[in-house]
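Results of the structural survey
These are the residues of each chain, in order.
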Amino acid sequence: MKILCTVVFMLLFAQTPSLFSAPGNHTTEDEKDFVVGLALSGGGAAGLAHIGVLKVMEEAGVPIDVVSGTSMGAIVGGLYAIGYTPQLMLEEVSSADWRFLFEETVYRSHLPMEEKKYDGLFKLSFPVNSRRVELPTGLVSGNHIINMLALLTWPYHETDDFRQLPRPFVCIATDLETGDAVVLDNGFLPDAIRASMSIPTIFDPVWVNGRYLVDGGVVNNLPVREAYDLGADYVIAINSSPDLKPAGELLSLPDILTQTIAVGMQTSMMLQSENADFYIRPDLHAFSSHSFSDVNEIIKAGEQAARTRFDELKALADSLKQLRRIPDKPDIPVFEPAQRLNIRNLYFKGLETVPEDHIRSILQIGEHSTISEHDLNEGLLRLYGMQRFDKVTYRLSWTDDLADLTIFLEEQTANIIQFGFHHNNVPGLSLLFNATFRNLIYPASTARFNLRVGHETLVEGQYFNYVGLEPRLSFYGSAGFRERRIDIFDGRNRLTNLKTDILHSEALIGPLYASVARIGIGYRFEYFNLTDSYGDLDVSMDWTQLHLLSGEFEFDNLNRSHLPTSGHYTLLRTDFSPNFFPNEATFGRISVKWDTYYPLSDRISLIQSLQGGHVFRGDPPLHYRFYAGGHRSFWGYPADAISGNTLLTASTAVQYRFYDNFYITPGINAGDSFSRLDTDILETLPRWGWVAILGWNTVIGPIETVLSGSRAHPLLFEFQIGLNF
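Only a predicted model underlies this, so the values are computations on that prediction, with no experimental measurement involved.

Per the secondary structure count, the protein chain includes 15 helices and 34 strands. Looking at the protein chain residue by residue over its 725 residues, the buried ones come to 52%. The long-range fraction of contacts in the protein chain, counting pairs at least 24 apart against all pairs at least 6 apart in sequence, stands at 64%. Carbon and sulfur atoms provide 58% of the accessible area of the protein chain, an area that totals close to 33,000 Å².

Another aspect to go through is the nonpolar core. Formed by 76 residues in total, the largest nonpolar core has its most connected members in L38, L48, M57 and I236. Look past the residues within four positions of M57 in its chain and what remains in contact with it is L38, V62, I64, I236, I238 and L313. Listed in part, the 27 residues of the second largest apolar core include A150, L380, Y384 and L396.

On to the packing of helix α8 (residues 143-152) against helix α15 (residues 373-385), then. Helices that pack against each other are described as a pair by the angle of their axes relative to one another and the distance between those axes. It is at 12 Å that the axes of α8 and α15 come closest, and there the two elements cross at 160°. The orientation of α8 relative to α15 falls into the category roughly antiparallel. For α8 against α15, the interelement crossing comes out right-handed. Of α15, the residues touching α8 (which contributes N143, H144, N147 and L151) are E373, N377, L380, L381 and Y384. The class makeup of the residues in the contact of α8 with α15 is 4 nonpolar, 4 polar and 1 charged.

As a further point, take a nonpolar patch on the surface. Judged by side-chain polarity, Y513, I519, F553, L572, I590, V592 and F616 come together as a nonpolar surface patch covering roughly 540 Å² of accessible area. For F553, the location among the structural elements is in strand β24 (residues 544-556). Its relative accessible area of 31% is what places F553 among the partly exposed residues.

Put simply, the protein chain has an average pLDDT of 86, and 87% of its residues get 70 or more. The low-confidence segment residues 1-30, where pLDDT is below 50, has 35 contacts with residues more than four positions distant or belonging to other chains.

The next point concerns helix α12 (residues 295-307). The first and last C-alpha atoms of α12 sit 18 Å apart over 13 residues, in line with the 18 Å expected at 1.5 Å per residue. Buried positions along α12 lie against α3 (49-60), α5 (86-95), α6 (98-103), β12 (278-280) and α13 (310-322).

Spatially, β14-β13-β16-β15 is the arrangement adopted by the 4 strands of the open sheet, whose pairing is mixed. Two strands bound the open sheet, and with one partner strand each, they are β14 (369-372) and β15 (389-399). Here the average twist between neighbouring strands, direction ignored, is 45°. The pairing of strand β13 (residues 340-349) with strand β16 (residues 402-411) spans 7 bridges and is parallel.

On to the packing of α3 against α5. Packing of α3 against α5 brings their axes to within 9 Å, and their N-to-C directions diverge by 155°. Between α3 and α5, the interaxial angle falls into the category roughly antiparallel. The handedness of the crossing between α3 and α5 comes out as left-handed. Within the contact between the two elements, α3 uses I51, L54, K55 and E58 and α5 uses P86, M89, L90 and V93. A breakdown of the residues in the contact of α3 with α5 according to their chemical character gives 6 nonpolar, no polar and 2 charged.

When you line up the elements, D375 lands in helix α15. You can call D375 partly exposed: its relative accessible area is 31%. Along the chain, D375 and I365 lie 10 residues apart, while their C-alpha atoms are 8.0 Å from each other. Beyond its immediate sequence surroundings of up to four residues, D375 is in contact with R340 and I365. Among the polar contacts listed, one links the side chain of D375 to the backbone nitrogen of S372, at a separation of 3.0 Å.

Right, let's get into the packing of aromatic side chains. One pass over the full model with this rule turns up 20 aromatic pairs. Linked through ring pairs, W98, F102, F203 and F292 together constitute an aromatic cluster. The ring of Y627 has R484 sitting right over it, with the charged end atom 5.4 Å from the ring centre.

Attention shifts here to the pairing of strand β21 (residues 473-490). Pairing geometry for strand β20 (residues 458-466) and β21, over 9 bridges, is antiparallel. In the sheet register, L458 faces β21, and the bridge partner there is R482. One ladder, built from 18 bridges, connects β21 with strand β22 (residues 493-513); its direction is antiparallel. Paired with D487 across the two strands is N497, which belongs to β22. Hairpin connection between β21 and β22: a loop of 2 residues separates the two successive antiparallel strands, and G491 in this loop has a positive phi of roughly 70°.

Moving on, we come to the pattern of salt bridges. Using the criterion set out here, one finds 32 salt bridges in the structure. Ionic pairing is found between D119 and R108, a salt bridge with its closest N-O pair at 3.3 Å. A residue pair is termed long-range when its members are at least 10 positions apart, and D119 in the loop between α7 (113-116) and β3 (124-129) and R108 in the loop between α6 and α7 qualify at 11 residues. Here K314 makes a salt bridge to D318, at a shortest N to O gap of 3.4 Å. In this pair, K314 and D318 are both assigned in helix α13, 4 residues apart and thus about one turn of the helix distant. One continuous salt-bridge network, built from bridges that share partners, spans E506, R518, R524, E526, E552, E554, R573 and D575.

Reading guide: rules and limits
Numbers given to residues run from 1 along each chain, matching the order in which its sequence is written. For a predicted model such as this one, the threshold for reporting local features is a pLDDT of at least 70, and the threshold for listing and counting side-chain atom pairs is 80 or more; totals across whole chains, interfaces and linings nevertheless cover every residue. No hydrogens and no water enter the side-chain calculation; it runs on all heavy atoms of the structure. Secondary structure follows DSSP: runs of H or I at least 4 residues long count as helices, runs of E at least 2 residues long count as strands, and numbering of each begins at the N terminus. Only protein chains enter the calculation, and the probe is 1.4 Å; a residue is then buried if its accessible area is under 20% of its type maximum, exposed if over 50%, and partly exposed in between. Two residues form a contact once any of their heavy atoms are found within 4.5 Å. Reported accessibility uses the Shrake-Rupley method at a 1.4 Å probe radius. Residues are deemed covered only where the shown protein chains occlude them. To form a nonpolar core, buried Ala, Val, Leu, Ile, Met, Phe, Trp, Tyr and Cys residues must be joined to one another through side-chain atoms within 4.5 Å. Axes here mean lines fitted to C-alpha atoms, for a helix over just the part in contact, with angles spanning 0 to 180 degrees between N-to-C directions. For classification purposes, an angle smaller than 35 degrees is called roughly parallel, one larger than 145 roughly antiparallel, one from 65 to 115 roughly perpendicular, and anything else oblique. Each crossing gets its hand from how the near helix is turned against the far one by less than a right angle, where anticlockwise is left-handed and clockwise is right-handed. The nonpolar class holds Ala, Val, Leu, Ile, Met, Phe, Trp, Tyr, Cys and Pro. Asp, Glu, Lys and Arg form the charged class, and all remaining residues, Gly among them, are polar. Candidates for patches are residues over 30% relative accessible area with no salt bridge; among them, like charges are joined within 9 Å and nonpolar side chains (Val, Leu, Ile, Met, Phe, Trp, Tyr) within 5 Å. When a carboxyl oxygen of Asp or Glu lies within 4 Å of a side-chain nitrogen of Lys or Arg, that pair is called a salt bridge. Values of pLDDT, ranging from 0 to 100, describe the predictor's confidence in every residue of the model. To estimate the expected span of a helix, subtract one from its residue number and multiply by 1.5 Å. Pairs of strands are assigned from DSSP output, requiring at least two bridges between the strands. We define a polar contact as two N or O atoms separated by no more than 3.5 Å, with the added condition that, inside protein, one atom must be a possible hydrogen donor and the other a possible acceptor, whereas residues neighbouring each other in sequence contribute only through side-chain atom pairs. Ring geometry is summarised as follows: Phe, Tyr and Trp rings, the Trp one being its six-membered ring, pair when their centres sit within 6.5 Å, and such pairs are stacked at plane angles under 30 degrees, edge-to-face over 60 and tilted between the two. Lysine and arginine charges are scored as sitting over a ring when NZ or CZ, respectively, is within 6 Å of the ring centre and within 35 degrees of the ring normal.

Right, dumping it as structure tokens:
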């Protein structure tokens, strides 16, 4: 009934629009045509229902001239304003990796080699600045979100006045200092949208034009009045905010935070909705603001809400066209996503300590080059993965079809304190404490101090730096104290447990390649003492020094540190203690470890491994011999049960993800140790073992139950939590 009265009223006063205008909107027919506005509410994931509503509105032929939006409504509204169709938006949001965007995941493929060994080790991290622990201003910095918005709006990076977009547009944010609503109608479009969706405590606030802004939904979640201020004579409002939940359904911290914010929105939304000429409220009771796994269902709910009112929308479309001086206005040009960028110039802003040539070598984009959106995204993610920047964003400036690319880098100023743990039922619990300092002594350097307590104590300092002779040439140094505990077996029986105390220092220099490989050559010094922990075997000895020339090659493109499903890992190392150093033991040693994970399907991966080593020219200290056994080395035997100066093992397993993040892995291995390397190895019947692993990939690392066995040890059991370190 309301819509019929509205249409009759419009027709009666079609010749006198000034009487029909909203309060404060005084225009005449000679000044402008009849303008239809669209106001889109916030709502998090539920706000994506706007797309479904817009789909039906376009089918009905409802014209939209200006757009206002808040939060998720700012995203949908901003894209609609530059020519995205509902179908294009559906394709974008359906293919988006929302977990990646909101958790700001850094994939291993984007980590530099010097960071990969620490991937997944630490479960708690605290930034420290000026000797004080800092708490973040939000759970998510918004770095990935802003880059997604920048990608979606490439052609409009230089449109500073949002009223000059194909559809004039504004979005709403909240000034965190004053509590005022801020209408964003100019600037950099992705920044404005990002500010409008900065849900307090979830996203970091954003500085825009000197104001510290958070989500506009705090004060105005349905910007109807702002659509009128854009020049609209008639405003259609879509409220896709989720319903308030009963107390019994508020079961988590995100639920509580979301409900707290939503409660404050209700009054302003009610007042704004009363100002709208046409109001649509999809039924979203089954969804919440964080239901991003239900994107398609949410959009369908919006479509269903509009389709039930299709006749009203069709009648409205016909009436609105009669009110326009130009009934058949040209359609807004459909947005055409650019496939490639022609880069003319490349600029960096915000660099203070990290050398630009090193940044360029990581980015792998140069002037006068043609790149795809994938090339740009990968380069930005590699820069972010360096762990040296809090934010890595960009902006394009256009000259015809040539683009100047400016990358904005916000360097980390805080140091980091981190904590991790690992538990195995055999050696017990180990705790790892770490302090990481960036740019200590030299720019682009990383200093780490590690303390491991529990099994095999470790106190160590590490220093990494790009030496500057060539962008990827690096120096790695370490020094400290560590324990090495070794079980000595006589057949099936353990005779004793030996403890070696080792003071060590090492320096390696070499290049890194494409975030997947590194080479290092250098020198290692050890001063060690072997003692008998328990048992009848007396092998105690005095402190001994060891000087080694060392070389190392490492390749790592595993897709993740927790239960990887694809990729390869190779580590080749050689150490040689020459007689021209004051060594009490002269020997050479070479070792290799190779693991490959080959995905056979989305759920199944084939795992194959080789491990080997050989000692030549002399007899090494006990901790330089080769050992195998245990879950991470050789199934069916206890840790260190297989030992010798030559070792060769091979294994194969199938990893099957049978439910969500649960995996089962059956496998077999074979191999042995040998006193010397000769043809008799091939004639010796190897030891073998089997394993069945039940694993669960969790936020604290893998949780694994391991059953294994062999002829010598029919059944062994291990249970562990977290990554080994």
